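If you want the building blocks of each chain, they are given just below.
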Amino acid sequence: MQSLNVLSASEAVRRLGAREITAEQMARACLARIEEREAVVGAWIHVDPDAVLAQARQLDAGPVRGPLHGLPLGVKDLIDTADLPTAYGSPIYAGHRPRADAACVALARAAGALVLGKTVTTEFAWFYPGKTTNPHNPSHTPGGSSSGSAAAVADCMVPLAYGTQTAGSIIRPASYCGIVGYKPTHGTLPRAGIKPLSDSRDTLGTLTRTVADAALFVAAVSGRDLLPRPLAQPPRIGLCRTHEWGAARPETVAAMENAGAVLGRAGARLSEILLPRDFANVTQAQIDIMNYEIYAALAGERLQHHEALSDKLKQLLKNAQQCDAPRYDTAQALAESCRRQLEDVFADADVLLAPSAPGEAPAGLAATGDPVFCRMWTVLHVPAINLPCGQGPQGLPVGVQVIGRRGDDARTLAVADWVHQRIVRS
């Protein structure tokens, strides 16, 4: 019999809703996988099996609660939970117990989801890593900052998990771990109760194993109709290597070329997209905006608990201080100008296909990789979806990302689902 922990979220919800399986059975399967693999993967910062099973039994004893009934969920430890500690990846907040759930957690519970535990985040969702390893090879990084969420989903410890992205913290770990990462249009999901980093860039999303699972979960929490429907005709896909193409390693070059070939044979109308000249500076604009806003957001921690910050974070904050208000305002103006130009970029394409990361996950656990191919899309507020699309020289996953228009998440998900199915078949 197939172990329940490997079910897709969509199939698990179907079976849970039909009472073919119980929430307790589903939870036990996930907890067993955690017990088996957590010592190697290190995806979780807090799991209380007894509390999880007690909540599962409550779900089983009552009516089907909603579209996520009984579905185990991992919650990134940047997100407040009333019944579990929330430390934001920092010793400053060790043992911290919020008074209330973050809005996204409360909404997921109301839809029937079962919070399995808190997943590892980097320190304040910036670059200093936690304990998590890549489930495909523990000597390699899983990416960050949604390290634990990506690793837990990839290792079938949980069918889906929350992640956040300010630079590349959903897409990059999804690419490194070989799963689907969905960063919705900025503001699609509520951020109340999530430790802020860069308010105009922070975006809540999800890590799953299929596009349909990502759509199911975000639809249930946001109330939007996002479930992928069959396309009436093959999509128009713009191949967008971006101004950062020089950072792509051979495996990412191959992934983009192979994806284009597969999709062309499947009937997609392909075109080469050259971004306007202004877009060459958007990545630096994202860095400037993020630095300015982070320096303000972490004022309490850097002024009152400076000794408890990692050396890496201290250096990052020192660098961030160099971005003054005029530089910040210039970066914001450029970002807004490029958002207006996106309509022309998408004139002949339903979505863009772009690199997710320079290559496969780097060796070592001291860093989480370079978000160079994600920063621009985050600052432009567009939906982005990582899809596994190949392997690197060490046999680790390599992804590409599907990019859509701002607010056009339903079509972006539908096309990403079409793309993913054809890549998997190839």
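For clarity, every value in this text was computed on a predicted model and none was experimentally measured.

Colleague: Tell me about the overall build of the chain, and name the residues and values.
Modeller: In terms of helices and strands, the chain carries 14 helices and eleven strands. Over its C-alpha trace the chain gives a radius of gyration of 20 Å, about what one expects of a compact globule, namely 22 Å for 426 residues. If one aligns the C-alpha atoms of the chain with their principal axes, the spans along those axes are about 60 × 55 × 40 Å. Put simply, the chain has 426 residues, and 60% of those count as buried. Considering only contacts within the chain whose residues lie at least 6 apart along the sequence, 78% involve residues at least 24 apart. Accessible surface for the chain amounts to roughly 15,800 Å². Of this, 51% is attributable to carbon and sulfur atoms. Each charge class in the chain was averaged separately, 41 positive and 41 negative side chains, and the resulting centres sit 2 Å apart.

Colleague: Give me the lowdown on the pairing of strand 4 (residues 160-165), citing residues and values where you can.
Modeller: For strand 4, the buried fraction is high: six of the six residues fall into the buried class. Judged by which residues are buried, strand 4 turns out to be covered on both faces: Leu160, Tyr162 and Thr164 on one side and Ala161, Gly163 and Gln165 on the other are all buried. As paired elements, strand 2 (residues 72-76) and strand 4 share two bridges and run parallel to each other. Note on strand 4: the bridge partner recorded for Gly74 is Ala161. Alignment of strand 4 against strand 6 (residues 203-208), held across five bridges, turns out to be antiparallel. Bridge assignment links Thr164 to a residue of strand 6, and that residue is Leu204.

Colleague: Talk me through the pairing of strand 5 (residues 180-183); I want residue IDs and the actual numbers.
Modeller: Judged by which residues are buried, strand 5 turns out to be covered on both faces: Val180 and Tyr182 on one side and Gly181 and Lys183 on the other are all buried. One ladder, built from three bridges, connects strand 5 with strand 6; its direction is antiparallel. Residue pairing in the sheet places Gly181 in a bridge with Leu207 of strand 6. Pairing of strand 5 with strand 10 (residues 384-391) involves three bridges; the strand directions are antiparallel.

Colleague: Explain unusual backbone geometry to me, and be specific about the residues and the numbers.
Modeller: A cis geometry characterises the amide bond from Gly144 onward to Ser145, with omega recorded as 10°. Along the chain, Ser145 falls in the loop between strand 3 (114-119) and helix 5 (147-154). The backbone of Tyr88 shows a phi angle near 60°, a positive value even though the residue is not glycine. With respect to the element layout, Tyr88 can be found in the loop between strand 2 and helix 4 (103-110). One non-glycine residue, Ala125, lies in positive phi territory at about 60°. Within the element layout of this structure, Ala125 appears in the loop between strand 3 and helix 5. Ala125 sits in the buried class, given a relative accessible area of 7%.

Colleague: Break down the packing of helix 9 (residues 282-297) against helix 12 (residues 325-345) for me, citing the residues and quoting the values.
Modeller: Their axes nearest at 9 Å, the elements helix 9 and helix 12 cross at an angle of 135°. If you check the angle between helix 9 and helix 12, you find them oblique. As for the relative orientation of helix 9 and helix 12, their crossing is left-handed in sense. Together, Val282, Gln284, Ala285, Asp288, Ile289, Tyr292 and Glu293 of helix 9 and Ala325, Arg327, Tyr328, Ala331, Gln332, Leu334, Ala335 and Cys338 of helix 12 make up the contact between the two elements. Classifying every residue of the contact of helix 9 with helix 12 gives ten nonpolar, two polar and three charged.

Colleague: Give me the lowdown on the pattern of salt bridges, citing residues and values where you can.
Modeller: This model, assessed by the stated rule, comprises 23 salt bridges. Between Asp350 and Arg236 there is a salt bridge, with its nearest N and O atoms 3.1 Å apart. Of the two residues, Asp350 is situated in the loop between helix 12 and strand 9 (351-355) and Arg236 in strand 7 (residues 236-239); the sequence distance between them amounts to 114 residues. Residue class for Arg236 comes out partly exposed when judged on its relative accessible area of 22%. Salt bridges sharing common partners tie together Glu11, Arg14, Arg15 and Glu20.

Colleague: Describe in detail helix 9, supporting the description with residues and values.
Modeller: Taking 1.5 Å per residue, 16 residues should reach 22 Å; helix 9 reaches 22 Å between its end C-alpha atoms and fits that length. Along helix 9, the residues classified as buried are Val282, Thr283, Ala285, Gln286, Asp288, Ile289, Met290, Asn291, Glu293 and Ile294. In this structure, the buried residues of helix 9 make contact with helix 11 (311-320), helix 12 and helix 13 (375-379).

Colleague: Can you explain the nonpolar core? Please cite residues and give values.
Modeller: It is characteristic of soluble globular proteins that their nonpolar side chains tend to be buried jointly. Leu73, Ile79, Trp126, Tyr162, Ile237 and Leu353 are the most contacted members of the largest nonpolar core, which totals 105 residues. Non-local contacts of Ile237, meaning those with residues more than four positions away in its chain, are made with Leu263, Ala268, Arg269, Leu270, Ser271, Ala349, Val351, Leu353, Trp418 and Val419. Counting residues in hydrophobic clusters, the runner-up holds 28 residues, among them Cys323, Cys338, Phe346 and Leu380.

Colleague: Hey, could you go over the environment of Ile273 for me, with residue numbers and the actual values?
Modeller: Its place among the elements puts Ile273 in the loop between strand 8 (269-272) and helix 9. Along the sequence, Ile273 and Ile79 sit 194 residues apart, while their C-alpha atoms lie 37 Å from each other. Beyond its immediate chain neighbours, meaning those up to four positions away, Ile273 contacts Gly238, Leu239, Cys240, Val345 and Leu352.

Colleague: An account of the sheet that holds strand 10 is requested, with residue identities and associated values reported.
Modeller: Read from one edge to the other, the open sheet built from eleven strands follows the order 1-3-2-4-6-5-10-11-9-7-8, with strand pairing classed as mixed. Strands with a single pairing partner mark the edges of an open sheet, and in this sheet they are strand 1 (44-46) and strand 8. Adjacent strand axes in the sheet meet at a mean angle of 30° when their direction is disregarded. Note that strand 7 and strand 9 share three bridges and pair parallel. Paired with Gly238 across the two strands is Leu352, which belongs to strand 9.

Colleague: I'd like to hear about the state of the cysteines, residue by residue, with values.
Modeller: If you walk through the whole model with that rule in mind, you get zero disulfides. The closest cysteine sulfur to the non-disulfide-bonded Cys323 is located on Cys338, 17 Å from its own sulfur. Judged by relative accessible area, Cys323 falls into the buried class, the value being 6%.

Thresholds, definitions, all that
- Residues numbered from 1 in each chain as written.
- Predicted model: local features only at pLDDT ≥ 70, side-chain atom pairs only at ≥ 80, totals over all residues.
- Heavy atoms only, no water.
- Helix = DSSP H or I, 4+ residues; strand = E, 2+ residues; numbered from the N terminus.
- Rg over C-alpha atoms; globule rule 2.2 N^0.38 Å.
- Buried < 20%, exposed > 50% of the residue type's maximum accessible area, 1.4 Å probe, protein only.
- Contact = heavy atoms within 4.5 Å.
- Areas by Shrake-Rupley, 256 points an atom, 1.4 Å probe, with all protein chains shown as cover.
- Lys, Arg positive; Asp, Glu negative; His and termini not counted.
- Charge placed at Lys NZ, Arg CZ, Asp CG, Glu CD.
- Pairing = 2+ DSSP bridges.
- Axes fitted to C-alpha atoms, helices over the stretch in contact; angles between N-to-C directions.
- Parallel < 35°, antiparallel > 145°, perpendicular 65-115°, else oblique.
- Left-handed = near helix turned anticlockwise from the far one by under 90°.
- Nonpolar A, V, L, I, M, F, W, Y, C, P; charged D, E, K, R; others polar.
- Salt bridge = Lys/Arg side-chain N within 4 Å of Asp/Glu carboxyl O.
- Expected span 1.5 Å × (residues − 1).
- Core = buried A, V, L, I, M, F, W, Y, C linked by side-chain atoms within 4.5 Å.
- Disulfide = S-S within 2.5 Å.

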